[in-house]
Amino acid sequence: MRTNPVLFVRGHAAAAPSPDIPDGPHRAELLRVYPFTNAYGDRVMFEFLLMDGGTVSLSAAPSRSPHGKLVETLRGLVGREPTESELATPERLVGRACTIIVRTATNRSGK
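Residues numbered from 1 in each chain as written. Predicted model: local features only at pLDDT ≥ 70, side-chain atom pairs only at ≥ 80, totals over all residues. Heavy atoms only, no water.

Asker: Go over the packing of aromatic side chains, please, and point to the residues and values.
Answerer: For the structure on display, the rule yields one aromatic pair. Between the aromatic rings of Y34 and F36, the centroid separation amounts to 6.3 Å while the plane-to-plane angle is 50°, which identifies the pairing as tilted. Owing to a relative accessible area of 22%, F36 belongs among the partly exposed residues under this scheme. (Phe/Tyr/Trp six-rings, centres within 6.5 Å; stacked < 30°, edge-to-face > 60°. Buried < 20%, exposed > 50% of the residue type's maximum accessible area, 1.4 Å probe, protein only.)

Asker: Describe the confidence of the model for the chain, with residues and values.
Answerer: In regions of low pLDDT, the predicted coordinates are not meant to be interpreted in detail. Of all residues in the chain, 77% have pLDDT values of 70 or greater, and the mean over the chain is 82. Segment residues 11–17: pLDDT under 50, and 13 contacts once partners within four positions in sequence are set aside and those in other chains are kept. (pLDDT = per-residue confidence, 0-100. Contact = heavy atoms within 4.5 Å.)

Asker: Can you explain the pairing of strand 4 (residues 55–60)? Please cite residues and give values.
Answerer: Across six bridges, the pairing between strand 3 (residues 41–50) and strand 4 is antiparallel. Residue F48 lies in a different strand from strand 4, and its bridge partner there is V56. Turn length for the strand 3-strand 4 hairpin, with the two strands adjacent in sequence and antiparallel, is four residues, and the turn residue G53 shows positive phi of about 105°. (Pairing = 2+ DSSP bridges. Helix = DSSP H or I, 4+ residues; strand = E, 2+ residues; numbered from the N terminus.)

Asker: Outline the pattern of salt bridges, listing residues and values.
Answerer: This model, assessed by the stated rule, comprises four salt bridges. One salt bridge in this structure joins R75 and E81, with 2.8 Å as the shortest N-O distance. The exposure class assigned to E81 is partly exposed, which follows from its relative accessible area of 49%. (Salt bridge = Lys/Arg side-chain N within 4 Å of Asp/Glu carboxyl O.)

Asker: Please give an account of a nonpolar patch on the surface that cites residues and values.
Answerer: Side chains of L31, L49 and M51 sit close together on the surface and give an oily, nonpolar patch of about 250 Å² of accessible area. Looking at the secondary structure, you find L31 in strand 2 (residues 24–38). (Patch = residues over 30% accessible without salt bridge, like charges linked within 9 Å, V, L, I, M, F, W, Y side chains within 5 Å. Areas by Shrake-Rupley, 256 points an atom, 1.4 Å probe, with all protein chains shown as cover.)

Asker: How would you sum up the environment of M45? Please name residues and give values.
Answerer: Along the chain, the position of M45 falls in strand 3. Between the C-alpha atoms of M45 and R32, which are 13 residues apart in sequence, the distance is 7.9 Å. Those residues in contact with M45 that sit more than four places away from it in its chain are R32, V33, Y34, F36, S57, L58 and S59.

Asker: Which residues make up the nonpolar core, and what values do they have?
Answerer: Counting 21 residues, the largest nonpolar core has L30, F46 and F48 as its most contacted members. Among the secondary structure elements, those contributing two or more residues to this core are strand 2, strand 3, strand 4, helix 1 (69–78) and strand 5 (97–105). With five residues, the single largest contributor to this core is helix 1. Setting aside anything within four residues of it in sequence, one finds L30 in contact with F46, E47, F48, L77, P90, L93, V94, G95 and R96. (Core = buried A, V, L, I, M, F, W, Y, C linked by side-chain atoms within 4.5 Å.)

Asker: Please set out helix 1 residue by residue, giving values where relevant.
Answerer: The buried fraction of helix 1 amounts to seven of the ten residues, a majority that puts the element mostly inside the structure. Residues of helix 1 that are buried include every one of L70, V71, T73, L74, G76, L77 and V78, and no others. Immediately downstream of helix 1, the backbone of G79 shows phi near 80°, a positive value.

See below:
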């Protein structure tokens, strides 16, 4: 039996796009992937549509390090090591189903 890949999403309550989403597993679909730049530099945003309602987003630096958030996110999304093509153009994975485990936490400054 084939199972959906699993992603862990950790967010800060104040920054969550849908603060009413409870912690725990949610079936989801990758809705959108796009590059952006913020105070931390170049980033890649992943937006997921939850099948039980709401959206969850996470961002990653575009690093190809095996321990980096981009590779970990793609690994969770595809259920294996991502290919060079998936690393270069993660937006081609839009529509991919997965299970997201949401964990809301506060950071060191209490946000």
